[in-house]
Amino acid sequence: MKKFLALALVVPLLISCSSKKEDSYNEAFVKDTNGFDILMGQFAHNIENIWGIKEVLIAGPKDYVKYTDQYLTRSHINFDEGTITIETIAGTEPAAHLRQAIINTLLMGDDPGSIDLYSDANDVVISKEPFLYGQVVDNTGQPIRWEGRASKFADYLLQTRMKSRSTGLKIVYSVTINLVPNHLDKRAHKYIGMVRKASKKYGVDESLILAIMQTESSFNPYAVSHADALGLMQVVQHSAGVDVFKSQGKWGKPSRSFLFDPESNIDTGTAYLAILQDSYLSGIDNPTSRRYAVITAYNGGAGSVLRVFNNDKNRAFNIINSMAPGDIYQTLTTRHPSAESRNYLKKVNTAQKSYRRR
């Protein structure tokens with residue numbers, strides 16, 4: 001199992017190419033991030049005190065982690081690896097703690113705004129249409145929608161798959177469940193209608209939106225990052241969120257609850273892609289070259305993309321327009337100062353190809 005400390009989580013900086021805006025966004029970023037770092041630091045410290053220094057596990061873009069039972073029990077869905085791991089260090093009746101956490105996880109809804117991932121509150125709402133419905137099946141091969149089936153599956157898991165290990169200080173009891181092989185497609189399908197609506201509204205290719213969502217969150221609506229980037233498309237409130245609101249004639253920035261709503265998140269993320277495509281990077285003539293630039297800018301900012309070619313924006317556009325799209329891709333994946341942004345373009349471009357074939 002991977003361990004995720006708060007400071008190790010990915011920070012997608014979505015910033016514009018205006019230096020003045022970048023300065024103001026950077027100030028907001030420092031202010032917001034410092035406050036969030038304090039919260040995360042306190043949370044991580046609390047987990048460390050209870051579970052041990054090597055057992056700190058915190059929610060991330062592709063990892064749902066929820067603590068309950070005074071932080072003694074936790075549920076971890078790893079959307080990349082396709083596993084659900086329920087663990088407890090409760091000293092009395094650990095099976096009972098695991099059983100309830102298994103049922104809650106299997107039946108939880110898909111409203112991220114209703115769950116506080118940084119507390120031990122048992123605020124998971126049992127849903128008539130569970131978020132994981134169809135992504136996991138029980139020991140008889142059936143999807144799990146109702147509490148009766150979830151309870152029977154939990155009992156089966158406790159009888160056949162419960163394991164224990166020692167951390168040196170505590171005994172950890174756990175159960176691991178595999179998601180179905182096509183769990184990624186199952187989650188993607190949930191949001192196809194929203195993606196098509198946003199694509200039509202903003203003129204952004206559906207395949208690009210889906211590729212961004214897959215790369216950012218693996219279609220995890222509960223996704224959070226160290227920088228407090230939120231939701232399916234990992235939108236940062238004070239940068240991309242501000243840009244989108246301003247373009248729509250709104251004041252301020254989107255709230256956390258707004259960005260945790262899947263449809264609002266997809267709309268906002270797609271609107272920002274449109275701003276990059278039609279405004280900040282519109283000086284790039286070739287649509288393929290512009291797409292490479294937009295993808296990279298979604299991760300590291302439009303300004304950083306242009307500075308790869310020249311510190312002067314107009315000269316950068318001229319240089320880009322004199323190059324073939326393949327050379328633009330090669331340059332951005334080898335010369336961009338951020339290794340994360342270099343790899344991001346590769347990942348999104350590969351994912352987009354797969355969605356274009358469907």
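Scroll up to find the structure.
Summarised in this report is the structure supplied together with it. Because the structure is predicted, anything quoted here is derived from the model rather than measured. (Residues numbered from 1 in each chain as written. Predicted model: local features only at pLDDT ≥ 70, side-chain atom pairs only at ≥ 80, totals over all residues. Heavy atoms only, no water.)

1. Considering the nonpolar core
Ranked by size, the top nonpolar core spans 98 residues in total, and within it Tyr64, Ile102, Ile177, Met213, Leu273, Leu281 and Tyr298 carry the most contacts. In this structure Tyr64 touches Ser75, His76, Ile77, Phe79, Met108, Ile115, Leu117, Val124, Asn220 and Tyr222, once residues within four positions along its chain are discounted. (Core = buried A, V, L, I, M, F, W, Y, C linked by side-chain atoms within 4.5 Å. Buried < 20%, exposed > 50% of the residue type's maximum accessible area, 1.4 Å probe, protein only. Contact = heavy atoms within 4.5 Å.)

2. Observations regarding the packing of helix 2 (residues 94-107) against helix 3 (residues 147-160)
At their nearest, the axes of helix 2 and helix 3 sit 9 Å apart, and the two run at 135° to each other. By the angle between their directions, the pair helix 2 and helix 3 is classed as oblique. Handedness of the helix 2/helix 3 crossing: right-handed. Side by side, helix 2 and helix 3 meet where Ala95, Leu98, Arg99, Ile102, Ile103, Leu106 and Leu107 of the first sit next to Glu147, Ala150, Ser151, Phe153, Ala154, Asp155, Leu157 and Leu158 of the second. Among the residues making up the contact of helix 2 with helix 3, the classes are represented as 11 nonpolar, one polar and three charged. (Axes fitted to C-alpha atoms, helices over the stretch in contact; angles between N-to-C directions. Helix = DSSP H or I, 4+ residues; strand = E, 2+ residues; numbered from the N terminus. Parallel < 35°, antiparallel > 145°, perpendicular 65-115°, else oblique. Left-handed = near helix turned anticlockwise from the far one by under 90°. Nonpolar A, V, L, I, M, F, W, Y, C, P; charged D, E, K, R; others polar.)

3. Considerations on the packing of helix 10 (residues 287-300) against helix 13 (residues 325-335)
Put simply, helix 10 and helix 13 touch, their axes get as near as 8 Å, and they point 20° apart. Overall, the two elements helix 10 and helix 13 adopt an arrangement that is roughly parallel. Note that helix 10 runs across helix 13; the crossing there is right-handed. Along the contact surface, helix 10 presents Thr288, Ser289, Tyr292, Ala293 and Thr296, while helix 13 presents Pro325, Ile328, Tyr329 and Leu332. Looking at the contact of helix 10 with helix 13 residue by residue, the classes come out as six nonpolar, three polar and no charged.

4. Some details on the environment of Asn178
Tracing the chain through its elements places Asn178 in strand 5 (residues 171-178). Spatially, the C-alpha atom of Asn178 lies 8.8 Å from that of Glu81, the residues being 97 residues apart in sequence. Every residue in contact with Asn178, bar those within four places of it in the chain, is listed here: Gly82, Thr83 and Val136.

5. Here's the deal with the sheet that holds strand 3 (residues 83-88)
The strand order across the open sheet built from five strands is 1-2-3-5-4, with neighbouring strands paired in antiparallel fashion. Single-partner strands in this sheet number two, and they are strand 1 (63-68) and strand 4 (163-166). In this sheet, adjacent strand axes meet at a mean angle of 20° when their direction is disregarded. Relative to strand 5, strand 3 runs antiparallel, the two sharing six bridges. Within strand 5, the position partnered with Thr83 by the bridge is Asn178. Seen against the sheet, helix 2 touches strand 2 (73-78), strand 3 and strand 5 and runs at an angle of roughly 145° to strand 3. (Pairing = 2+ DSSP bridges.)

6. Describing unusual backbone geometry
Even without glycine at this site, Tyr71 takes up a positive phi of about 70°. Checked against the element boundaries, Tyr71 lands in the loop between strand 1 and strand 2. Its identity as a non-glycine residue notwithstanding, Phe219 has a phi of 60°, on the positive side. Residue placement: Phe219 occurs in the loop between helix 6 (206-217) and helix 7 (237-247).

7. Some details on helix 7
Most of helix 7 sits inside the fold, with eight of its 11 residues counted as buried. Among all positions in helix 7, only Gln237, His238, Ser239, Ala240, Gly241, Asp243, Val244 and Phe245 are buried. One or two positions beyond helix 7, positive phi appears at Gly249, with a value near 75°.

8. Describing the environment of Asn78
The topology assignment puts Asn78 in strand 2. Expressed as a C-alpha distance, the spacing of Asn78 and Asn178, which sit 100 residues apart in the sequence, is 9.8 Å. Not counting the four nearest positions on each side in its chain, Asn78 is found in contact with Lys62, Asp63 and Thr83.

9. Some details on the packing of aromatic side chains
For the structure on display, the rule yields 12 aromatic pairs. Between the aromatic rings of Phe79 and Phe131, the centroid separation amounts to 6.1 Å while the plane-to-plane angle is 75°, which identifies the pairing as edge-to-face. In this pair, Phe79 sits in the loop between strand 2 and strand 3 while Phe131 sits in the loop between helix 2 and helix 3, placing the two residues 52 residues apart along the sequence. With respect to class, Phe79 is no different from Phe131; both count as buried. With 5.9 Å between their ring centres and 75° between their planes, Phe131 and Tyr222 make a pair best called edge-to-face. Here the residue Phe131 occupies a position in the loop between helix 2 and helix 3, and Tyr222 occupies one in the loop between helix 6 and helix 7, the gap between them amounting to 91 residues. In this structure, Phe131 and Tyr222 share a single accessibility class: buried. Put simply, the rings of Phe43, Trp51, Tyr67, Tyr71 and Tyr118 touch in pairs and so form one group of aromatic residues. (Phe/Tyr/Trp six-rings, centres within 6.5 Å; stacked < 30°, edge-to-face > 60°.)

10. Thoughts on the pattern of salt bridges
Here the structure, examined in full by the defined rule, presents 11 salt bridges. Measuring nitrogen to oxygen at the nearest pair gives 2.7 Å for the salt bridge that ties Asp155 to Arg99. Placement of Asp155 in helix 3 and of Arg99 in helix 2 is noted, with a sequence separation of 56 residues between them. Of the charged contacts in the structure, one is a salt bridge between Asp267 and Lys201, with a shortest N-O distance of 3.0 Å. In this pair, Asp267 is assigned in helix 9 (residues 262-280) and Lys201 in helix 5 (residues 192-202), connecting sequence segments 66 residues apart. Owing to a relative accessible area of 18%, Asp267 belongs among the buried residues under this scheme. (Salt bridge = Lys/Arg side-chain N within 4 Å of Asp/Glu carboxyl O.)

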